[in-house]
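# Structural overview for review
Next come the chains, spelled out residue by residue.
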There are 2 protein chains.
Amino acid sequence: MSISIAIHGGAGTVRAADLTEAMTEARHEGLRRALRAGFAVLAGGGAALDAVSAAVCALEDDPLFNAGHGAVMTDAGTIEMDAAIMNGADRRAGAVAGICGPRNPVLAARAVMETTPHVLMIGAGALGVARDAGLVFAPPSYFETPNRRAALERELVRRASGAPDTRSDADRHGTVGAVARDAAGHLAAATSTGGMTGKRAGRVGDTPIIGAGTYADDVCAVSCTGTGEVFMRYTVAAEIAARVRYKGETVAQAAGEVVAELATQGGDGGLIALGASGVPALPFNSSGMYRGYVDAEGMLRTAIHREVFHIVNR
Amino acid sequence: MSISIAIHGGAGTVRAADLTEAMTEARHEGLRRALRAGFAVLAGGGAALDAVSAAVCALEDDPLFNAGHGAVMTDAGTIEMDAAIMNGADRRAGAVAGICGPRNPVLAARAVMETTPHVLMIGAGALGVARDAGLVFAPPSYFETPNRRAALERELVRRASGAPDTRSDADRHGTVGAVARDAAGHLAAATSTGGMTGKRAGRVGDTPIIGAGTYADDVCAVSCTGTGEVFMRYTVAAEIAARVRYKGETVAQAAGEVVAELATQGGDGGLIALGASGVPALPFNSSGMYRGYVDAEGMLRTAIHREVFHIVNR
């Protein structure tokens, strides 16, 4: 059985017209860095769970993506991050919401899964689990970047003026995630986010909700990005698994249909999904979705909008 | 189309041998009070959403059930409540987690649904939504009851001594919930809980997770109670809807099979579910589940363990 990995850096992409060549290349390189990190685990015989951890950590460490370092800010000027991870073979899962502390929130989610009997921990309780697990912490200044602070200030000025919301998708939502299949055929998924710029403090989206933004079992692994509330109400990730299991759809069919239906319900965004075939599906209904996968020839394929994939050697 | 309502007061029941006749009767009467509150809404032409709100408020107000007044305590001696509500016709949903303040947490969940663009709010942010919505607040002393404090102290002593966990289900988990169908055929579900006695502060179970502990769409409404973590990993409520939608199972079949399968995965508990037939399903795999419904003749039927339903006039 062949190994496979796909990642996303969020459906919140900068408008193509606003991206310089250097900005574009930096984003492709960020995606490739994450693919390499995850693929190296799989190629070394590692588990899908470790591969998605590694890929999401790489995206969290990259300030260009809305998770970890470079997470967006709440309306209170704070940073509140959410993350989840799930292991398909035994459906173990861990998630955290509303935290600022662990350098890699996805590792805090994993600590919840591996060191507690719980699935979801929030706030100070989640920080306690991360501390007990010996995770590396960082001060709020590590997560905050000048770009995200400026985006919040623009948004607060806009709200105060009553002007219409003309933000690009990049300011409205963004998430990072990974799905992988290892040589044993096991699937895993992980997702991490800072949420939406100017979100109300205390708001939790679909990312840390098992069956909404993150899910893995023995038929598919899914990580979502987009208008979190709609993804929660439609239990998007669980819905894809259910269609594969009970309607006999392929993962690609189910993922594509669900993303198309979401568009009719105000659910902008997309997702990455992986099943038994090992060929990832990366559908989105927004203007773009930072995304990538390693193809059957072992090449790194990455894309941002609807252009053809950039193909680069590992 | 006929109106219908079912409720549960948690799968965490006191052992039959430990229940005096007076204790038993108090619990039946608590269930009947909640059924009357919800049924009155439906009989008056009200919406399923209002009926489940009313029924869950009645159970939250009753100190015998683990939600609102009489919620269990965390290992830190605090009370952290979770609640969710969902309207099937348009899949609007609201939920809160980790809160102590609003007298009726289910109304805070409803305020999230009705006054914000969000689905899930936690901690201080959730309290802000409740305050802005004008909800009645109560001090921590309102929620705490001597019985719950004593249960926590017993549990902390047990943990310190390393003795095995011989708690009854009542000390381990408990939740309240309601599902209803109104005269227009619309479904709704609501769930509310204090969690588990001695739970780690910051732990969130399945109750406020749409698709896990609470869910409603146009084919079914579901409210769960039990080992929350397992219910989350198996996206129990969404799974029942998926089986009805894609496997052609009845709500009763799907609910019964899922509860039986959960037992094999360490998922103790049960759920109430209601679909197009209007006949509620109330399966559980634990020793008991406080539960009740209004039957086709308009009689109040309530039960605790596996005895025959008590039948009382409205």
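Above this text sits the structure in question.
Residues numbered from 1 in each chain as written. Chains lettered and ligands numbered in written order. Predicted model: local features only at pLDDT ≥ 70, side-chain atom pairs only at ≥ 80, totals over all residues. Heavy atoms only, no water.

### Description of the pattern of salt bridges
Residue and element names in this part refer to chain A. Applying the stated criterion across every chain yields a total of 40 salt bridges over all chains. Residues arginine 32 and glutamate 29 are paired through a salt bridge, measuring 3.0 Å at the closest nitrogen-oxygen approach. Within this pair, arginine 32 and its partner glutamate 29 are both found in helix H1 (residues 21-43), separated by three residues, close to a single helical turn. Ionic pairing is found between arginine 245 and aspartate 218, a salt bridge with its closest N-O pair at 3.3 Å. On the criterion of sequence distance, the pair formed by arginine 245 in helix H9 (residues 236-247) and aspartate 218 in the loop between strand E8 (214-216) and strand E9 (220-226) is long-range, its members being 27 residues apart. Given a relative accessible area of 31%, arginine 245 falls into the partly exposed group. Residue classification places aspartate 218 among the exposed residues on the basis of a relative accessible area of 58%. Three or more residues are tied together by salt bridges with common partners; here these are Glu25, Glu29, Arg32 and Arg36. (Salt bridge = Lys/Arg side-chain N within 4 Å of Asp/Glu carboxyl O. Helix = DSSP H or I, 4+ residues; strand = E, 2+ residues; numbered from the N terminus. Buried < 20%, exposed > 50% of the residue type's maximum accessible area, 1.4 Å probe, protein only.)

### What about the relation of the copies chain A and chain B?
Of the two same-sequence chains, chain A is brought onto chain B (RMSD 0.0 Å, axial shift 0.0 Å) by a rotation of 180°. Look at the turn and shift together and you get a two-fold axis relating the two. (Least-squares fit on C-alpha atoms with pLDDT ≥ 70 in both.)

### Section: the interface of chain A and chain B
Of the residues lining the interface, 39 residues belong to chain A; the matching set on chain B comes to 39 residues. Buried surface at the junction of chain A and chain B, both sides included, amounts to about 3,200 Å², of which 63% is carbon and sulfur. When the area that chain A buries against chain B is broken down by residue, the three leading residues are Arg200, Arg233 and Tyr246 of chain A, summing to 23%. Connecting chain A to chain B are two salt bridges. Taking the shortest distance from any N to any O, the salt bridge between aspartate 132 of chain B and arginine 200 of chain A comes out at 3.0 Å. Our enumeration of links across chain A and chain B arrives at 16 residue pairs in polar contact (both at pLDDT 80 or more). Counting residues per element, the side of chain A that touches chain B draws most heavily on H9 of chain A, which supplies six residues. Partitioned by chemical class, the residues of the side of chain A that touches chain B number 20 nonpolar, eight polar and eleven charged. (Contact = heavy atoms within 4.5 Å. Buried area = accessible area lost by both parts, 1.4 Å probe. Polar contact = N/O pair within 3.5 Å; in protein donor to acceptor, adjacent residues only side chain to side chain. Nonpolar A, V, L, I, M, F, W, Y, C, P; charged D, E, K, R; others polar.)

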